[in-house]
Amino acid sequence: MLSNKKFSSRSMCVLAETVLLLALLLASGCSKSDDKEVESPDIALNKNELVLEKGKTERLIASFTPGDASDKGHTWSSSVPGVATVDETGMVTAVELGEAVITTTSLVGKKTATCKVTVVDKVVNVTGVSINPIDTTMVVGDDVTLEATVIPDNATNKAVAWSSEDNSIATVDRDGKVTAVAEGKVAIKATTNNGSKTASCQITVLNKGVIISAPEVSAVTSISALVTGTAKAFGVKISEVGICYSTTPSPTINDKKVSLSGESLSYTLTKLEANTTYYVRIYAITDGSAKYGDQAMFATKTTVDISIPQITSVSTSTAYIQGTITTYGLQTEEIGICYSISPMPTIADTKVILSNNNIAYTLNDLQPETTYYVRIFAKLNGDYYYGETGEFTTTGIIKTHFEATDIYEDKIILISAAPSGITTINVCYGTSPNPKITDNTTTASLESDGKLHLELTALKPGTTYYIRPYNRIESKVEYFDDEVFIQTIGGDFSIDLKINGCEKDMSEMYTTRYKLYLEIVYDIKITGTYLVEAVGDNSYLKKNTDYSKSIYLENGRGSFYFRKDGGWKEFNGIGAYYLVFPYETDLKFTNIDDDIRYHYILKEKGLYYFD
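Residues numbered from 1 in each chain as written. Predicted model: local features only at pLDDT ≥ 70, side-chain atom pairs only at ≥ 80, totals over all residues. Heavy atoms only, no water.

## Focus: the sheet that holds strand E12 (residues 143–145)
With respect to topology, 3 strands assemble into an open sheet ordered E12-E16-E15, the strand pairing being antiparallel. Each end of this open sheet is capped by a strand with a single partner; those strands are E12 and strand E15 (170–172). For this sheet, the mean inter-axis angle between neighbouring strands, taken without regard to orientation, is 20°. (Pairing = 2+ DSSP bridges. Helix = DSSP H or I, 4+ residues; strand = E, 2+ residues; numbered from the N terminus. Axes fitted to C-alpha atoms, helices over the stretch in contact; angles between N-to-C directions.)

Written as structure tokens, this is what we have:
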């Protein structure tokens, strides 16, 4: 119950001071609380996109800016928990096929960061990445968008992250858009989110202007020269571009000039003075001012152009010379070829006068194995002009001697020592002496033993063949003196067969096989002692006693015996059988006096008849 007392003035004063003091204290406390700022850090995730196979997990990591924020508390959530879930540690679990967004939210400030999660049946990993283009040139202030291609084409996560090795030269955004900042060179890199595969593009940043190359001068004659070069504009417009030239250094557009178009320039300067030095530069006019590249210097030739001789078809005594003389309308008084065994020949040496500026002539009567020097010359206004010197060496006289090594009924194999520098040699052969190229021709080739090897095939048995080498230069044929002749088997060296019978091979238990017995009758008129060998499986020879793989005999008439195992009978279709073998036998007769081998081939399917 309130009293109805009256307050004195002193009491009222004390009360007022008390109220005022409390008010000041409250005001002071509120002011201190209001001055304290609540921290609100930015939050980010280590990945913006994530691809997971169904049932797989991966942890997302949240980071804060500034890094020393006092309160880094945050929460996690999924937009579609039926597709992907996330726990309080950021561990994402793929639940079902589809897409979901994982969000993390800071407790202070409620700022968020997200990651798109795609759940698939199977992840196809990235194996590589490339950038198009791989290098490019830009002007400060320009931009270009690079394209990254991820392989394989069906990779699950084809996202890439772009980065610049130097942002002060060029920057790149998340879509691959490059912006040129300052002059220099920088690499822009694309890194795949899956597999960390990388590729880079080299960017060259230029300031606005024009780059002009030094000219290249070629095809210089006495009155003309081909000039090529480039003038490339970067961020500016070229109003005129071309070539300027003069007989004094550092030519300008105030001297002689040729206006052209395009970046790549090519032009043949004409009506030049002969035997004169010229200076040439490429120019470009931008913003009313002429810019010049470095200069090139060249000297025109004299009033006549004489080619270096083209020398072909060199033999022991001839050489074919070709070349050209260009006088640009001036009349020549004399043209031709001069040659000598000394360098720098002149008309004081041996010369051939011709009548056509297109030189084509065969030098004759040259010495074998000799080095010659040759020049084309022309006489104008009483003066002689010479082209550059050509050099050639005539071949030596080719000496060969082919000797037979192996003789068959239808084939002959021969060898010869190879003259120095010779790898092939042409050969003609026939059944009459002095064969010609109108008979039969073939080529002997150098083999690893350092000798020329020659093989004549499709020959007739018992026939003598004549063989000689030849050389052909253009339409001229030279036949060598060394002619040899060889006779195939069937004449002076003849073999006949007599069948002595056959018997079952008792060593064969599961199949019926036969042994063939032959009498080999020979008539050898070529003197010598012969080693006879049965070259082939299951083939044996007998002269007097037991069968063996080889025997010896002298030339003359005689016989020996032959056995061949492992044959089988086949019906010949007309009431008889013949024996067939899985291999042939080479009866090789080697004359141990001269090492020539004679081959008589017993075919695997011979005429071995039995009723």
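## Considerations on the nonpolar core
Among the nonpolar cores identified, the biggest contains 46 residues, and Phe 402, Leu 414, Ile 467, Phe 560, Leu 587 and Phe 589 are the most heavily contacted of them. Among the elements that line this core, the one with the most residues is strand E46 (residues 514–535), at 9 residues. Excluding residues within four positions of it along the chain, Phe 589 makes contact with Phe 493, Ile 495, Ile 524, Tyr 530, Leu 531, Val 532, Leu 553, Phe 560, Ile 596, Arg 597 and Tyr 598. (Core = buried A, V, L, I, M, F, W, Y, C linked by side-chain atoms within 4.5 Å. Buried < 20%, exposed > 50% of the residue type's maximum accessible area, 1.4 Å probe, protein only. Contact = heavy atoms within 4.5 Å.)

## With respect to the sheet that holds strand E18 (residues 198–206)
Overall, mixed pairing links the 4 strands, which are arranged E11-E18-E17-E14 in an open sheet. Lying at the two open borders of the sheet, with one neighbouring strand each, are strand E11 (135–139) and strand E14 (160–164). Across the sheet, the mean angle separating the axes of adjacent strands is 25° when strand polarity is ignored.

## Overview of the pairing of strand E40 (residues 440–446)
Two strands pair when backbone bridges link them, and strand E39 (residues 424–430) and E40 are joined in this way by 6 bridges, in the antiparallel orientation. Paired with Asn 426 across the two strands is Thr 443, which belongs to E40. Here E40 runs beside strand E41 (residues 451–456); their pairing, made up of 2 bridges, is antiparallel. Within E41, the position partnered with Leu 446 by the bridge is Leu 452. Hairpin connection between E40 and E41: a loop of 4 residues separates the two successive antiparallel strands, and Gly 450 in this loop has a positive phi of roughly 80°.

## Quick look at the environment of Leu 366
When you line up the elements, Leu 366 lands in the loop between strand E33 (358–363) and strand E34 (371–380). Residues Leu 366 and Ile 102, spaced 264 residues apart in sequence, show a C-alpha to C-alpha distance of 95 Å. Excluding residues that lie within four positions of it along the chain, Leu 366 makes contacts with Thr 316, Ser 317, Thr 318, Ala 319, Tyr 339, Tyr 372, Phe 392 and Thr 394.

## Considering the environment of Ile 596
In this fold, Ile 596 is placed in strand E51 (residues 596–602). According to the relative accessible area criterion, Ile 596 is buried, its value standing at 17%. Residues within four places of Ile 596 in sequence aside, it is in contact with Ala 404, Thr 405, Ile 407, Phe 589, Thr 590 and Asn 591.

## Remarks on the confidence of the model for the protein chain
On average, residues of the protein chain score 89 in pLDDT, and 92% of them reach the 70 mark or higher. Segment residues 1–16: pLDDT under 50, and 1 contact once partners within four positions in sequence are set aside and those in other chains are kept. For residues 18–36, every residue scores under 50 in pLDDT, and the model assigns this stretch 0 contacts once sequence neighbours within four places are set aside. (pLDDT = per-residue confidence, 0-100.)

## Here we look at the environment of Glu 554
Inspection of the secondary structure assignment puts Glu 554 in strand E48 (residues 550–571). Since its relative accessible area comes to 45%, Glu 554 is described here as partly exposed. Taking the C-alpha atoms as reference points, Glu 554 and Ile 467, 87 residues apart in sequence, are found 29 Å from one another. Beyond its immediate stretch of four places on either side in the chain, Glu 554 contacts Tyr 522, Gly 528 and Thr 529. For Glu 554, the side chain forms a polar contact with the side chain of Thr 529, separated by 2.8 Å. (Polar contact = N/O pair within 3.5 Å; in protein donor to acceptor, adjacent residues only side chain to side chain.)

## Some points on the UniProt feature "domain: Fibronectin type-III" (unreviewed entry) in the protein chain
The positions UniProt marks with the feature "domain: Fibronectin type-III" (unreviewed entry) are residues 211–306. Here residues 211–306 is 0% helix and 57% strand, with 38 Å between the C-alpha atoms at its ends. (UniProt positions renumbered as here; feature names shortened; annotations may be inferred.)

## Here we look at the pattern of salt bridges
Overall, the coordinates contain 13 salt bridges when judged by the stated rule. Across the pair Glu 334 and Lys 351 runs a salt bridge whose closest N-O atoms are separated by 3.1 Å. Taken together, the residues span a long stretch of sequence, with Glu 334 in strand E31 (residues 334–340) and Lys 351 in strand E32 (residues 350–354) at a distance of 17 residues. We note a salt bridge from Asp 595 to Arg 597, for which the minimum N-O separation is 4.0 Å. Classification of Asp 595 as partly exposed rests on a relative accessible area of 48%. Taken together, the salt bridges that share partners define one network made up of Asp 406, Asp 595 and Arg 597. (Salt bridge = Lys/Arg side-chain N within 4 Å of Asp/Glu carboxyl O.)

## What to know about the packing of aromatic side chains
The full count for this structure, using the stated rule, is 16 aromatic pairs. Ring centres 6.5 Å apart and planes at 50° place the aromatic pair Phe 377 and Tyr 386 in the tilted group. Taking the relative accessible area as the measure of exposure, Phe 377 reaches 0% and is therefore buried. Among the aromatic residues, those joined into a cluster by ring pairs are Phe 493, Tyr 522, Tyr 530, Phe 560, Phe 589 and Tyr 598. We note Lys 411 situated over the ring of Tyr 408; from NZ or CZ to the ring centre the distance is 4.5 Å. One residue, Lys 564, lies across the ring of Phe 581, its end atom 4.9 Å from the ring centre. (Phe/Tyr/Trp six-rings, centres within 6.5 Å; stacked < 30°, edge-to-face > 60°. Lys NZ or Arg CZ within 6 Å of the ring centre and 35° of its normal.)

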